[in-house]
Amino acid sequence: MNTSIVISENLNTKIDNRTARVGVIGLGYVGLPLALLFSEQRFRVTGFDIDVRKVSALCNGESYIFRIPPTDIQAARRQSFWATADYSYISEMDAVIICVPTPLDEFHQPDLSYITATAEAIAPHLRAEQLIVLESTTYPGTTEEVLVPILEKNNLSGLKAARRETAPNEFLIAFSPEREDPGNDSVARRDIPKVVGGLNPAATESAAALYGTIFNRVVRVSTPAVAEMTKLLENIYRCVNIALVNELKLLSLRMGIDIWEVIQAASTKPFGFQPFYPGPGLGGHCIPIDPFYLSWKAKQFDFHTRFIELAGEINTAMPYHVVTTVSSALNQQRKTINGAQILVLGVAYKKDIDDLRESPALTIIELLQKQGAKVGYHDPYFPHVGRGRHYDLGMDCASLDNLEHYDCVIIVTDHSDYDYEKIVRESQLVIDTRNATRGICSPKVFRS
């Protein structure tokens, strides 16, 4: 019998009867929900993370993500889920899923250091017939050009990634893009189709079998590069369309037209139109970052992605537009940004979540501070904002009891908990970047 079929059947049988051990590396907004899904399906799941605080919290049945209650962690613990920072346990896993960050560096180039460090950490513990799946968003070719060579070079048994028919001394490799949408309660995670692309057919089928236990639909593609490009297309599509409405918003402001009313009217068309909405800038791990991954990779093929880069420029400029609006609105009250007391409402990158990644609020705060403003913030999801990869604020959440003491209040994130009528009533000046005050007529409100 073909050895590739035997290996695939052995792993798939373990998956079917839930005896496969599943390891998830990176227990953040992608990895932890994924680990819990597998645990719900009675798999023995081990979570790996270099952050010992996360590991300790999970082993104690605690959660550090707002939308995941401690009871979910505790239920998973009863189902044999545990977390560790010790990568030697990789050797006990039948499937290993990598969900680590892929940020940009200071020059807006891909930073794959988390992927390479993870690959180097797990390689010595690889064994034959394991399935390794990369979920981290990246440019087409990363799985084959970066991940595979590190795993092959650094494992201790001379193992190779299966490229055609799988041999007994090989491991399986696939890419499957994450499709997490923090704060989205309208679509169950199981109902989000899962794209998988393996290095060979056996890898594709094993990855499909694994994900098929927790997702209602699995979409197979021919290669890891196709799966990698699929994720980029999804987010570039959103980035470009958001840039379009952001640019139209800037024009509409000059023309005295309400862009939100325009979008609402256009949305009544039952075909050929999907609404996207303007804002103070892009946030989250995907949309502000993914287009630059493809632009960087395109240069290797002597190709300039002008359309994508223009969209990135427009979206990146939006926090600066917000600050300009603040300056103009203060000027009308014979005040300046320099020395002004300003409160930023909402620092999460979108409403009703506890996620700061790439949030435009952080840029807006830093820009205001550079111009001499005394800036505070309020966000029900963040009692403190300390230091991250691209910011170092060291600020505590302010109270909403003294809005009248601020020269300006900026609505950056439109959390549902806010009483916007009260905010407008008690504030001296409100800059609304999210249309949160729609329906509230007041000369205090400036739309940005």
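Just above, that's the structure.
Structure report, in brief. (Residues numbered from 1 in each chain as written. Predicted model: local features only at pLDDT ≥ 70, side-chain atom pairs only at ≥ 80, totals over all residues. Heavy atoms only, no water.)

### A word on the side chain of Thr84
Then comes step 1: On the secondary structure map, Thr84 appears in strand E3 (residues 82-84).
Then comes step 2: By relative accessible area, Thr84 is classed as buried at 8%.
Then comes step 3: Separated by 3.0 Å, the side chain of Thr84 and the backbone nitrogen of Asp86 make a polar contact.
Then comes step 4: Once residues within four sequence positions are removed from consideration, Thr84 is found in contact with Thr46, Gly47, Phe48, Asp49, Val55 and Tyr89. (Helix = DSSP H or I, 4+ residues; strand = E, 2+ residues; numbered from the N terminus. Buried < 20%, exposed > 50% of the residue type's maximum accessible area, 1.4 Å probe, protein only. Polar contact = N/O pair within 3.5 Å; in protein donor to acceptor, adjacent residues only side chain to side chain. Contact = heavy atoms within 4.5 Å.)

### What to know about the nonpolar core
Then comes step 1: Counting residues in each nonpolar core, the largest one holds 42 residues, and the members touching the most others are Phe38, Ile97 and Tyr211.
Then comes step 2: If sequence neighbours within four positions are ignored, Ile97 has contacts with Val22, Gly23, Val24, Ile25, Leu34, Phe38, Val133, Glu135, Leu210 and Tyr211.
Then comes step 3: Judged by nonpolar contacts, the second largest core, of 35 residues, contains Leu134, Val195, Val221 and Phe292. (Core = buried A, V, L, I, M, F, W, Y, C linked by side-chain atoms within 4.5 Å.)

### A closer look at the packing of helix H11 (residues 306-332) against helix H12 (residues 360-370)
Then comes step 1: Between H11 and H12, the least distance of the axes is 9 Å, while the angle of their chain directions is 45°. Considering the angle they form, H11 stands oblique to H12. The hand of the H11/H12 crossing is right-handed. Here H11 contributes Pro319, Tyr320, Val322, Val323 and Val326 to the contact with H12, which in turn contributes Pro360, Thr363, Ile364, Leu367 and Leu368.
Then comes step 2: Taken together, the residues of the contact of H11 with H12 break down into nine nonpolar, one polar and no charged. (Axes fitted to C-alpha atoms, helices over the stretch in contact; angles between N-to-C directions. Parallel < 35°, antiparallel > 145°, perpendicular 65-115°, else oblique. Left-handed = near helix turned anticlockwise from the far one by under 90°. Nonpolar A, V, L, I, M, F, W, Y, C, P; charged D, E, K, R; others polar.)

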